[in-house]
Amino acid sequence: MIACTRCGHWHTDAERSLDKNLSCTEVKQYWSRIRNEHNELYGHLAQITTDDSGTLVCFKCGRKLK
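Topic: the side chain of H38
Inspection of the secondary structure assignment puts H38 in helix 2 (residues 24–42). When neighbours within four sequence positions are excluded, H38 is seen to be in contact with G43, H44, L45, A46, C58, C61, R63 and L65.

See the structure below:
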């Protein structure tokens, strides 16, 4: 699927991760789940960003995101 202009690369990254086409609502649920799982593990919501190598990490603690 070509990413919508609103979601951009967040849409395609989620689709590649799950290896299927997703609606925008499913993409939002995917990233929400990632943030909430990070909160359960480390006590704060993930502030999602990419490092220099393109890996998704939490800006706050620097840990890689699953």
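Remarks on helix 1 (residues 9–18)
Listed in full, the buried residues belonging to helix 1 are H11, T12, A14 and E15. All buried residues of helix 1 lie within an arc of 160 degrees about the axis, which places them on one face of the element. Where the residues of helix 1 are buried, they touch helix 2. Once helix 1 ends, the next one or two residues include D19, with phi positive near 60 degrees.

Focus on the pattern of salt bridges
A side chain with one charge can pair with a side chain of the opposite charge if their charged atoms come near. As enumerated under the stated definition, the model contains two salt bridges in all. Between R16 and D13 there is a salt bridge, with its nearest N and O atoms 3.3 Å apart. Of the two residues, R16 and D13 are both situated in helix 1; the distance of three residues between them amounts to about one turn of the helix. The partly exposed category is assigned to D13, whose relative accessible area is 22%.

Topic: helix 2
In this model helix 2 runs 27 Å from its N-terminal to its C-terminal C-alpha over 19 residues, within 8% of the 27 Å that 1.5 Å per residue would give. Buried residues of helix 2: V27, Y30, W31, I34 and H38, and no others. For helix 2, the angular spread of buried residues about the axis comes to 85 degrees, placing them on one side. Every exposed residue of helix 2 that faces more than 90 degrees away from the buried side is listed here: T25, Q29 and E40. Against helix 1, strand 1 (48–50) and strand 2 (56–58) lie the buried residues of helix 2. A positive phi of about 85 degrees marks G43, the residue just after helix 2.

A closer look at the nonpolar core
In this structure, A14, L22, V27, Y30, W31, I34, A46, L56, C58 and L65 together form the largest nonpolar core, which totals 10 residues. Of all the secondary-structure elements, those providing two or more residues to this core are helix 2 and strand 2. No other element matches the four residues that helix 2 contributes to this core. Aside from chain neighbours lying at most four places away, what touches C58 is H38, H44, A46, Q47, R63 and L65.

Procedures and definitions
- Residues numbered from 1 in each chain as written.
- Predicted model: local features only at pLDDT ≥ 70, side-chain atom pairs only at ≥ 80, totals over all residues.
- Heavy atoms only, no water.
- Helix = DSSP H or I, 4+ residues; strand = E, 2+ residues; numbered from the N terminus.
- Contact = heavy atoms within 4.5 Å.
- Buried < 20%, exposed > 50% of the residue type's maximum accessible area, 1.4 Å probe, protein only.
- Arc of directions from axis to C-beta.
- Salt bridge = Lys/Arg side-chain N within 4 Å of Asp/Glu carboxyl O.
- Expected span 1.5 Å × (residues − 1).
- Core = buried A, V, L, I, M, F, W, Y, C linked by side-chain atoms within 4.5 Å.

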